[in-house]
Amino acid sequence: MTKNHGKSIKDDEQYEALRDEGMSKEKAARIANSDRTQAARRGGESGRYENWTKEELYDKAQEVGIEGRSKMDKDELIRALRE
């Protein structure tokens with residue numbers, strides 16, 4: 001049975017599922033209060049990693065903290081970013 005979280009949460013079931021996955025209360029509320037159809041349409045528009053330059057891949061790897069990136073070639077960077 002889904003708990004009623006009051007007027008501040010529009011989708012109690014989704015909120016509880018997100019909290020069970022370990023999301024913070026704030027993030028779970030933000031997602032649960034967004035329109036599911038709108039959120040699905042907004043998703044990832046960054047393009048396939050294969051279309052990125054090695055420099056762009058390196059910068060992304062640096063941003064997410066992948067170790068050993070300086071010795072990786074383009075295919076290795078793509079593999080590391082996907083893991």
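Heads up: the structure comes first, above all this text.
Residues numbered from 1 in each chain as written. Predicted model: local features only at pLDDT ≥ 70, side-chain atom pairs only at ≥ 80, totals over all residues. Heavy atoms only, no water.

## So, the pattern of salt bridges
Taken as a whole and judged by the stated rule, the model has four salt bridges. Across the pair Glu26 and Arg30 runs a salt bridge whose closest N-O atoms are separated by 3.4 Å. Placement of both Glu26 and Arg30 in helix H2 (residues 25–32) is noted, with a separation of four residues, approximately one turn of the helix. Across the pair, Arg30 and Glu26 agree in class, each one exposed. Arg82 serves as the salt-bridge partner of Glu50, at 2.9 Å between the closest nitrogen and oxygen. Of this pair, Glu50 sits in the loop between helix H3 (36–42) and helix H4 (54–64) while Arg82 sits in helix H5 (residues 74–82); the two residues are 32 residues apart in sequence, bridging distant segments of the chain. (Salt bridge = Lys/Arg side-chain N within 4 Å of Asp/Glu carboxyl O. Helix = DSSP H or I, 4+ residues; strand = E, 2+ residues; numbered from the N terminus. Buried < 20%, exposed > 50% of the residue type's maximum accessible area, 1.4 Å probe, protein only.)

## Some thoughts on the packing of helix H1 (residues 12–20) against H2
Remark: H1 packs on H2, axes separated minimally by 9 Å, with the N-to-C direction vectors making an angle of 145°. As for the relative orientation of H1 and H2, their crossing is right-handed in sense. The segment H1 lies against H2, with Gln14, Tyr15, Leu18 and Arg19 engaging Lys25, Ala28, Ala29, Ile31 and Ala32. Looking at the contact of H1 with H2, its residues break down into six nonpolar, one polar and two charged. (Axes fitted to C-alpha atoms, helices over the stretch in contact; angles between N-to-C directions. Left-handed = near helix turned anticlockwise from the far one by under 90°. Contact = heavy atoms within 4.5 Å. Nonpolar A, V, L, I, M, F, W, Y, C, P; charged D, E, K, R; others polar.)

## What to know about the packing of aromatic side chains
For the structure on display, the rule yields one aromatic pair. Arranged with centres 4.9 Å apart and planes meeting at 85°, the rings of Tyr49 and Trp52 form a pair that is edge-to-face. Of the two residues, Tyr49 and Trp52, both sit in the buried class. (Phe/Tyr/Trp six-rings, centres within 6.5 Å; stacked < 30°, edge-to-face > 60°.)

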